Each structure stands twice: as structure tokens, then as C-alpha cells.
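# Examining the three-dimensional arrangement
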Amino acid sequence: MSVRYIGSSSKIEHFISILGKCFDSPWTTRALSEVSGEEPEEKDNRKNNLTKATTNPCTSEGNLVKTQSLKSIPEKFVVDKTSAGALDKKEGEQAKALFEKVKKFRLHVEEGDLLYAMYVRQTILKVIKFLIIIGYNSALVSEVQFTVDCNVDIQDMTGYKNFSCNHTMAHLFSKLSICYLCFVSVYGLTCLYTLYWLFYRSLKEYSFEYVRQETGIDDIPDVKNDFAFMFHMIDQYDPLYSKRFAVFLSEVSENKLKQLNLNNEWTADKLRQRLQTNAHNRLEIQLFMLSGLPDTVFEITELQSLKLEIINNVMIPATIAQLDNLQELSLYQCSVKIHSAALAFLKENLKILRVKFDDIRELPPWMYGLRNLEELYLIGCLSPDISKNITLESFRELKSLKILCIKSNLAKIPQPVADVSSHLQKLCVHNDGTRLVMLNNLKKMGNLTDLELVHCDLERIPHAVFSLLTLQELDLKENNLKSIEEIVSFQHLRKLTILKLWYNSITYIPEHIKKLSSLERLYFSHNKIEVLPSHLFLCNKLRYLDLSYNDIRFIPPEIGVLQSLQYFSISCNKVESVPDELYFCKKLKTLKIGKNNLCALSPKIGNLVFLSYLDVKGNHFETLPPELGECRALKKNGFIVEDTLFETLPSDVREQMKLE
């Protein structure tokens, strides 16, 4: 009885087809040499023999002999990187397709045991057939006679009545009967051995333990069901085929082949073309959604910043030590492993690390030991339960850390962050709208100079901030501040020069603002302020004042006191007039008064000789004062105004502004 049914036949033929492609592909010839040291000539000989042996899968049933086990046939797998040679794109695609076929075939075949069940049923049926034949012959063989006594009434003719009859072919029949019984016996013994083999060994499970031990490829998985059964069958012919095929079940092997292909695709010259200067003036290469990290990256010795995005199975090798200028590493949603020698290099040289993750478990554990790291940026979603149990004790090893930025959803400042307070200078928490409740740990950060609490749903200015006597910059952007009466406590922060209270719901500025005499930059944009108190302008060191996007109608003349003012924005308000005292601020370089209800621009604007940027667009001006020509630093590209209004200026002023 044959196993050639639709379900079984297609699996066997597909299995043989994959084996054939493994042996025929030039890429896989090199690939096998790369991972197993197999010679191409040996491959061709075995491939021809395998084709003959597997043409009829049923014939093996009558020739089952006990072959040597995998353990008894050693085959040394040697990695020889020099044998790979140059590999073109087509060969790389063939290798990729072959691994995908193996994966899909395994997934499909391991789902069921059709082949195994049919084989067991066939074997049992043949044993039953053998027993019936033996029983039939045992019962009737005694009835077989080669000489027959005949009684014929022909004595008158022959003179004899009793005859002994014998067929002329009786002797030949006797010999054929003996041969038949011998063949049936051999057939029966084979079936019995096969049945013993089926029940003695678990043919639905196949272990590559010995292959893993001999090759050192530890991730070759054990297989089951029909996939395991086919490996047991192929072992009856030659166990070496299973060992070679096992290489294509290994992710390590596949990754090695992918790496060779990746290196071939991303040459050093191609990577140099992607070199760019980033926002921090460092030479950077950004790699996005690759299958891995090309080894050729480490040939770009001038590289200062490496940015990897959405790359799985990144392996940072020891060759990273060639990048003497590397200072910055960005890992955005990447799973990273690192060689011990590479870690030693990063501990000494890496200054900036950026990690973006979906789960806290994706944080690389080796980052906690980067003793010379100065800036750490963590971007990821932490659920409230996880944030309570977050363990950052290892931050104590970051002895050089100066800047720590966390963009997450924390409910409190983690206690371990305070362990780096002795040298931490800047702390940024971007909380994505989650309320930051407990801030007592801020009091321990006595050396903090820059604090950002952005989108933390704060309703009041945290009292812990007032203990930071070394604080120079405070940013409370995108919170829910309505009242800032606590601002009076800022008078104790003598070094505070930058205060950002933008993107909140502040309705008024308290008069206590005047006590912040050290302020140089003040951000009140995107609030709900209606009245500007004159006390604001007693902060006479102000160089930057942003009041845009509010409901302000009037600018007090006391603004003229701000003789150091260089930037003033009150655009997108309801201002109807600008006091002439504003033009006493002769150091002003940027003036934004667009999108208001202004009807005229004072000729005194000519006093602003350093003015280089002016925005008046969106008002009710009919003409512009020609005194704008006295603002020699103002050019057309820095003058934001309607084209028709610009044409009202004298031609010489227009030409002057158009000159670069």
C-alpha cells in the first residue's frame, strides 16, 4: 500500500524540493561552508545519491536497516569566513527565500502527523497480511501432494487399474513454493522489525542534541510530528543530511547569512554617502528598519553619532572600538546585544545615549554601567504599576551623568534618580499628560541647574522646586497652571534666569513677579492673561519676553524700563496701540506685534537700529512709516508684512531692505 496520497505526497515532494534547492543554490553552498565547513564536491555527490533514494519514498519500507546514530558519525562544523567570498544581490535573495520556505514548511508540517499515521497503518496492515498468509499456508500446506493415486477403470485396455499420477512441472512447483515461503518470511520479518522500530523509537519527535553539541549552534530546535518523521526516514539513508538541514533551522545560522548579505548591500562607500551633521553638530549615520547592523558601519572611523531605528537583533561587535570619535548612540525600538569588548569601549567613550522603547524590559541592561556617560535620554511608555516598581538602583554607577531626560508617564520622580543628584545638572520629565504627584525627591538635587516638568498636569508650582538654590532654568510647559501666587518664593532662587510658564491656563501675573530681579528670559505665551501689571517691567534684566497668544489689550508704558530687552513678542493678542516707550528699548532685535488690532506704527520705530526681525502682519495698518529705513539691520526676509503694505514704503527703503 503506497503513501502517495494528496496530503502526504505533496509534503514529501516539497521536502525533497527544499533539500534540492539547499544543495543547488550557489549562495547556500557558500552559506553551508560558512557555518559548517562543508565542501561543495561532497555536497554534489550526496545530492545525486539522495535524489535516487527518495524518488520512491515507499521503497524504504522494505529496506529498513539500523544505521549509525548521529552521535556515532562525527562531522566537524568549522566557521571559515574566508570561504564566503563576494555575494551578489540575487544570491542573497535566494538565500532569504530559502530560509522563508524552510520556516513555512516546518510550520505547516509540524501541525499534523498525517505521514506518520499513514505509515503506522500501512505497517500494521502489512503485518496482518503476513500473518494471514502464514496462517493460510500453515493450514493448507499439508494438503499439498505431488503424487496422486488414481483409480481408472481401464484395466481391459492397459492391464492396470491403479495409477500414481505426477505432473511434469511438479518439481519446479516445489522449488517455487519454497522460494515463495522464503520471500514471505523475509517480508514478514521486515514488517515485524518495522513495527518494532515504530514503537521502540518515538518517530513523532526528533532531537538535534548531538548536532547542537558538535556544531556549537545551540539554537537548533527539536521538531515533532511529520517533520520529525521525515528526519527519521532520511536518517535511515544518511544521517548527515539531517545535520546539514539542521543549519537552516537555526536563527543564528540565518542571522549570519543575513549579516553577510547586509554587509554586501551596505558598503562603506554607501554608508559614507548617508553621513550628515545632526542638530548637535556631530557627524551622524541614521539606519532605519534594516534586518541588522552592517559590519561596514565600523569602517566609518570619522563617525561621531550612530542612530538606529526599528532594527531587531542588533549585535554590537568588538569592532566598534574602531570608531574612535563615537560619542553618541541612539537606539529607537531596537533589541540590542553587545560584545563584552564593545561594552568596555562604550564605558570609556560613550557620552550620550538615547533609548526609545515600548516596554521597560527592552531597556539594555548594559547601559547602567556606562561610567563616563554624560547624557541619558529614555523615551517609552511605563504603565503606573510598572513605574511604581521601576528599579534604577544601577544609576549609581553613572558617575559622570549630568543630563537625565525621561519621556514617559511617571506618577512620581523615582527614588533612585536622587542617587545621582550629586552630579546631575539637568532633569527633564515629559510626562505625556499623566499627573506627576510626588516631587519630594527634587529637594535632594542640590546641584540641579535646569529642570523641565513638561505635560505633567501640574495645577500649582511644586514647592519642592523652591529648594533648588542652584536652579538657573525652570520649564513648566503644557501643565494646568491657573494661579502662580507661589512665584514669590522664587526670590530665594538667586540664580534663576530663565522661567518658562507657557502653554498653561494662567489668567493673571501677580505683582510678586517684580521680586525676581535676576530673570533674563520669561515665557508667558499661550495662556489666558488679559492684563499686564506694571510690576512685570521691574525685572529690569529681562532680555527675552514672550507674551504671545493671550488676551492682552494694553501694554503699560513702563516697558521702556527694560533697556536690556532684545526679544519682545506680543503677537496674537488684542492690543490696540503700542506705547512709544517701547522704542526706548534700543537693544531690541526681534519685535513681534502681528495679529493684533493695531492701526498705526509709530515713526519712533526708527530708534531700533539693531532690529533685524519685525512681524506686523495681521493688523489694520494702511501705511508704514518711512523711518523703518533707519533700521539698517532689517531686511526683507526678516520683515513679516503683507505685500501690499510693503509697497507703501518709499522705493529707496524697499531697495535697502531687499539688499542682502
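Preceding this section is the structure that the text describes.
Residues numbered from 1 in each chain as written. Predicted model: local features only at pLDDT ≥ 70, side-chain atom pairs only at ≥ 80, totals over all residues. Heavy atoms only, no water.

## Quick word on the side chain of Asn441
Mapped onto the elements of the fold, Asn441 is located in the loop between strand S14 (426-430) and strand S15 (450-454). Relative accessible area serves as the criterion here: at 12%, Asn441 is assigned to the buried category. Those residues within four positions of Asn441 in sequence are excluded, and the remaining contacts are Ile413, Pro414, Gln415 and Ala418. (Helix = DSSP H or I, 4+ residues; strand = E, 2+ residues; numbered from the N terminus. Buried < 20%, exposed > 50% of the residue type's maximum accessible area, 1.4 Å probe, protein only. Contact = heavy atoms within 4.5 Å.)

## Quick word on the nonpolar core
If you look at soluble globular proteins, the nonpolar side chains tend to sit buried side by side. In this structure, Phe490, Phe568 and Phe639 are the most contacted members of the largest nonpolar core, which totals 128 residues. A per-element tally of this core places helix H13 (residues 340-349) first, with four residues. When we break this core down by domain, the ones giving at least three residues each are domain 2 (268-347) and domain 3 (504-659). Each residue touching Phe490, except ones within four places of it in the same chain, is listed here: Ile461, Val465, Phe466, Leu474, Leu496, Leu499 and Leu516. In terms of nonpolar packing, the next biggest core, distinct from the first, is built from 38 residues, Ile18, Phe99, Met230 and Ile234 among them. (Core = buried A, V, L, I, M, F, W, Y, C linked by side-chain atoms within 4.5 Å. Domains from an automatic or database assignment.)

## As for the pairing of S15
Within S15, five of the five residues are buried, which leaves it mostly tucked inside the rest of the structure. Covered by surrounding structure in S15 are Asp450, Glu452 and Val454 together with Leu451 and Leu453, the residues of both alternating faces. The pairing of S14 with S15 spans five bridges and is parallel. By the bridge assignment, Lys426 is partnered in S15 with Asp450. Examined bridge by bridge, S15 and strand S16 (residues 473-475) share three bridges and lie parallel to one another. Within S16, the position partnered with Asp450 by the bridge is Glu473. (Pairing = 2+ DSSP bridges.)

## Here we look at helix H11 (residues 251-265)
Taking 1.5 Å of rise per residue, 15 residues should cover 21 Å, and H11 covers 20 Å from first to last C-alpha, within 8% of that figure. Considered for burial, the residues of H11 that qualify are Ser253, Glu254, Leu257, Asn261, Leu262 and Asn263. (Expected span 1.5 Å × (residues − 1).)

It is worth stressing that arrangement in space is one thing and function is another; only the former is reported here.
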